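# Tertiary structure, described
The residues making up each chain are set out below.
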Amino acid sequence: MYPYQYDPRFQNLFPPGGGQGFPPPPPGGGGQGFPPQGGAQPPSSPPPGFTPAPKLGSGGPSLYAVDPGAISGCLYRYTYIWPRNGRPYWFYPTFVGRRSVAGYRWTGSFWVYAGVDVNQIREFQCV
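Since the model is a prediction, treat every value here as computed from it, not as a measurement.

## Section: the confidence of the model for the chain
When pLDDT is averaged along the chain, the result is 79, and 63% of the positions lie at 70 or above. Here residues 14–20 is modelled with pLDDT under 50, and outside its nearest four sequence neighbours on either side it reaches 20 contacts, counting other chains as well.

## Description of the environment of A70
Topologically, A70 is positioned in helix 1 (residues 68–71). It is 9.9 Å that separates the C-alpha atoms of A70 and V96, two residues lying 26 residues apart in sequence.

## So, unusual backbone geometry
A positive phi angle, close to 60°, is found at Y76, a residue other than glycine. Mapped onto the secondary structure, Y76 falls in the loop between helix 1 and strand 1 (79–83). For Y76, a relative accessible area of 46% gives the class partly exposed.

## A look at the packing of aromatic side chains
As enumerated under the stated definition, the model contains 10 aromatic pairs in all. Ring pairing ties together the aromatic residues Y76, Y78, Y92, W106 and W111, which thus form one cluster. The ring of Y89 is capped by R105, whose NZ or CZ atom sits 3.6 Å from the centre of that ring.

Reading the values: the criteria
- Counting starts from 1 at the beginning of each chain's written sequence and moves along it residue by residue.
- Where totals are concerned, whole chains, interfaces and linings use all residues; where local detail is concerned, this predicted model gives features only for residues with pLDDT of at least 70, and gives and counts side-chain atom pairs only at 80 or more.
- Water and hydrogen atoms were dropped before computing side-chain values, which therefore reflect all heavy atoms in the structure.
- In predicted models, pLDDT denotes the confidence assigned by the predictor to each residue on a 0 to 100 scale.
- Throughout, a contact is declared for two residues whenever any of their heavy atoms are within 4.5 Å.
- Put simply, DSSP H or I for four residues or longer makes a helix, DSSP E for two residues or longer makes a strand, and each gets a number counted from the N terminus.
- Think of it in three bands: residues with accessible area under 20% of the maximum for their type are buried, residues over 50% are exposed, and the middle band is partly exposed, with areas taken using a 1.4 Å probe on protein chains only.
- When the centres of two rings from Phe, Tyr and Trp lie within 6.5 Å, Trp using its six-membered ring, the rings pair. Their planes under 30 degrees apart give stacked, over 60 give edge-to-face, and anything left gives tilted.
- Two conditions define a charge located above a ring, namely a distance within 6 Å from the ring centre to NZ of Lys or CZ of Arg, and an angle within 35 degrees of the ring normal.

Pasting the structure below:
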């Protein structure tokens, strides 16, 4: 099993107190990169050992925002995220709001609780 570990590199991905559509932490826990108490747990294994190919290709930027309704079909499934800026990564979503998605992001070694604004996602694919 891969236990949850705090990683300060990702602490700003999930702001304390919610905001921007992120779920607020429950009393007595959550926020600052930590998962909410009693909430969904990270996967017990690493993500798949392959990298999916993007469907949109690596051409120009996408003109459309990701629809929260579409990514909600990936809840509790390994999901590969191609952000608008930065490197792609494996994600395990456990919450989808109007403008954000929260869950566990794979660091390459372990899962950390994180959130991202859906407008920052260029493309995603769940497996």
